[in-house]
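# Residue-level structure breakdown
Listed below, chain by chain, are the residues.
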Amino acid sequence: MTTIADRQVQDSGHSAPTTHAKLAQWVEEVAALTKPDRVYWVDGSQEENDRLTAQLVEAGTLIKLNEEKFPGSFAAFSDPSDVARVEEQTFICSVNERDAGFTNNWMEPNEMKAKLNGLFDGAMRGRTMYVIPFVMGHLDAEDPKFGVEITDSEYVVASMRIMARIGTDVLRKLEEKQSFFVPALHSVGAPLEAGQADVPWPCNPEKWIVHFPEERSIVSYGSGYGGNALLGKKCFALRIASVMARDEGWLAEHMLILKLTSPEGKDYHVAAAFPSACGKTNLALLDPTIEGWKVETLGDDIAWMRVGANGELRAVNPEAGLFGVAPGTGWSTNPNAMRAIEKGNSVFTNVALTDDGGVWWEGMTDETPAHLTDWLGNDWTPESDRPAAHPNSRFCTPIAQIDMLSDEYNDPQGVKIDAILFGGRRKTTVPLVTQARSWTSGVFMGSTLSSETTAAAAGQVGLVRRDPMAMLPFIGYDAGDYLNHWDSIRSHLAEDQLPQIFLVNWFRRTSEGGFAWPGFGENSRVLKWAIERLEGKADAVDTPIGFVPAAGSLDIKGLDLSEDEVAEATHVDVDEWRAELPGIEEWFARFGDSLPASLRTELDELTARLGR
Ligand code: OXD
Ligand code: MN
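Bear in mind the structure is a predicted one, so any value in this text is a computation, not a measurement.

## Regarding unusual backbone geometry
- Here the phi dihedral of Ala277 falls at roughly 60 degrees; this positive angle occurs in a residue that is not glycine.
- A relative accessible area of 29% means that Ala277 is categorised as partly exposed.
- The phi torsion at Phe520 lies on the positive side, around 45 degrees, for a residue other than glycine.
- Tracing the backbone shows Phe520 in the loop between strand S29 (500-504) and helix H13 (523-534).

Take a look at the structure:
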C-alpha cells in the first residue's frame, strides 16, 4: 500500500522541502529522536485532508457522518481517559522557578528536557511524523506569529487545519521572511512495534504539556485531546503568546470578541473573558433580543490585543476555527453556532451518534432522540442515567462558516475594543453587571474573578476557584507579573480611547434556587447597558464594588421579569461581599511580593468601602 507519506516523499523527492535552515534542522533532529517510519510535510490542501480523513476512517478513529446532514464531517471518540486538558501535568519550565509563579507547575528546564527526551526516544515508531507549518493570527500581519507543529496524530493534522492557518502558504512566508517560529512538538506517545495493530485513539497514560517560555517552545506528550494536542491554541496562542505579549507590550487573552451595532448605526467592539465552558461561544454568537441591535462575531476563545497608533486597544482573533463545548450548544440556545456546524467540514469529538449517521449532544435539540449510540459506543435511550455525549465533547468547525462573522475578522489590524467584560459562574454574591470605577479597579475585578470549575479540565466540577482574567490555566509566567502587565498597559492607552471594564455574572441564583437572569440572547440587554454607560446615557448606582444598573436603566422591555427580579439580579449584598473578602485576602497572599501594589490598594479601598 502506498501511504500518504510515501507519496509525498516521492513527489518532493526529499524529506525536508524547506529553505528555512532552522526548521529543516529541527525536523531532522526530531525525526532522529522519535524514529517515525516516515516524515510528511503538511500542505493544508483539501485533497490532503480527504486522504488523511479517509485513512482515519479506515483506522476507526473517525466515523464519516451522514453527508447530507453533516457534509465533510466526522466524529471521533477518544480513549475515556483522554477527554480534557490536564492542568496537573501542564508545566511552565522557565529558567527561574520564580518566573513560572504560583499558578503554574514548574520543573527545571534541563531536567524536564531530559525526561522528555527519554519519552520521545522512539515515540513515533511505526507512525508518520507530520510537519504542520502554521500561523496564529494573520499571515499578512505586520509581525506574523509562526509556529510549526510536529505530530504523529492524523486527527491533530485534520483539527489543526480547521483551527489555524496552516500549510504551504505559511511555509513559504516563513521561508521568505526567514522568521522565528515556535517549535511545537507533539506525540500521542504510542509507538507501534512491527506488526502491532493500532487502536482508534492512541494515547499514553503518562501526559506532559510543557512550555519553555524563554525559548518559546512547546512539547506535548501522551494526549490527543484538543486542548493538549492542538498546540496553536492554548499552548501557543495563550501560554507562549502571553509571554511574548509581556515582552512586546501587548495582551494575549482568553477572550471572545464581538461587534455590536446600535440602532443609531454606531459600532462598538467588546472583548469578554470567561473561564472554559462558561458560555464564551454563546455570547460571541448571540442573537440580541432587543430591537435594532446587531451582533457580529470576531472570535469565541482567544483575543490578542495591542495598543494602536491612536492609543486605542486593538484586538484580533488569532484562530481560524471554533473548538466549542458541544453540550448546551443548541438550536434554541445558539442557532448561529448550529447553522455554522450544519454547513459541515467539522470534526466532532466524544459526542453521541444518531441512528441516521448524525451527531447529538445534550441541549442540541429540544427533543431527545429515542435512541443514540453514546460517546462510549453503548446504546443509549432517554431512560439511560448518564449523558449521551461527554460533558466536554467538542465541535471543531471553521470560523468562516459563521453567517454573522464580521468582515473585520479578516483585518490584520483588528478592531478597537470599547469594553472588556470579565465573567465567571457564581451562584451568589456577584451581580449581573458591575462597571469598574477605573482601569486599575477593572484589573482588580479581573484579578479576583472567580468561577465554579467545569468539565473542560480534568478534576472536580463545581468548586469555586479564583481564575484571574479567566487565564488561570493559561498564564505563561508569574501571575503577579501578569497582573502588573495588565495594569501597566493603561499608561500606553489614550484617555479618550480607554476601554471600560465590566464584571458580569449570568449564573447568579435567586433565593428559590433558579437563575436570576435568563441569559443567552437576553444578555444583549447587559451589553446595551454597558454601551450606554460608555455613551453616558445609562444611570448607575455607585456601590462599594463599582457601578451597577440603577432601577429602570436596564432595558427589560418584552422580558418576562419584574423590576424586583431585576433588582435581585443586580443587587450588591454588602454582607455577601464582606464574606468574600477573606477569600480575596487569601488569594492575594498567594502572590507574595509579586502582587502589584495598586491591586493591594484596590483591595484595601474595597474593604474600607464595605465598612470592615
Ligand atoms: C477551550 C478551553 O477548549 O478553554 O477553549 O478549555
Ligand atoms: Mn477556552
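That shown, we press on.
## Section: the coordination of the manganese ion (ligand 2)
- Distances from the manganese ion (ligand 2) to its protein donors, namely Lys234 (NZ), His254 (NE2) and Asp301 (OD), fall within the range 2.2 Å.
- Donor residues for the manganese ion (ligand 2), ordered by position in the chain, follow K-x19-H-x46-D. Here His254 lies in the loop between strand S11 (251-253) and strand S12 (255-261) and Lys234 lies in helix H8 (residues 232-248), a separation of 20 residues in the sequence. Of the two residues, Lys234 and His254, both sit in the buried class.

## A few points about the pattern of salt bridges
- Throughout the structure, instances matching the rule amount to 42 salt bridges.
- A salt bridge links Arg216 to Asp247, with the nearest nitrogen and oxygen atoms 2.9 Å apart. Here Asp247 lies in helix H8 and Arg216 lies in the loop between strand S9 (208-212) and strand S10 (217-221), a separation of 31 residues in the sequence.
- Arg216 gets classed as buried once you look at its relative accessible area, which sits at 15%.
- For Asp604, the salt bridge identified is with Arg600, shortest N-O distance 2.7 Å.

## So, the site of ligand 1
- Taken together, Arg85, Lys233, Lys234, His254, Ser276, Asp301, Phe323, Arg394, Ala456 and Phe474 are the residues near ligand 1.
- Within the side chain of Ser276, a nitrogen or oxygen atom sits 2.4 Å from an oxygen atom of ligand 1.
- At a separation of 2.8 Å, an oxygen atom of ligand 1 approaches a polar side-chain atom of Arg394.
- A total of 210 Å² of accessible area belongs to ligand 1 in isolation, and the protein chains cover 96% of it.
- Most atoms of ligand 1, that is more than half of them, are within 2 Å of grid points of the largest pocket.
- Tallied by class, residues from the shell around ligand 1 come to three nonpolar, two polar and five charged.

So, how was this worked out
Residues numbered from 1 in each chain as written. Chains lettered and ligands numbered in written order. Predicted model: local features only at pLDDT ≥ 70, side-chain atom pairs only at ≥ 80, totals over all residues. Heavy atoms only, no water. Buried < 20%, exposed > 50% of the residue type's maximum accessible area, 1.4 Å probe, protein only. Helix = DSSP H or I, 4+ residues; strand = E, 2+ residues; numbered from the N terminus. Donors = N, O, S within 2.8 Å, 3.2 Å for Na, K, Ca; no water. Salt bridge = Lys/Arg side-chain N within 4 Å of Asp/Glu carboxyl O. Near = heavy atom within 4 Å. Polar contact = N/O pair within 3.5 Å; in protein donor to acceptor, adjacent residues only side chain to side chain. Areas by Shrake-Rupley, 256 points an atom, 1.4 Å probe, with all protein chains shown as cover. 1 Å grid on protein atoms, 1.4 Å probe; cavity = no way out; pocket = protein on both sides within 12 Å on 5 of 7 lines; lining within 4 Å. Sits in = over half its atoms within 2 Å of the grid points. Nonpolar A, V, L, I, M, F, W, Y, C, P; charged D, E, K, R; others polar.

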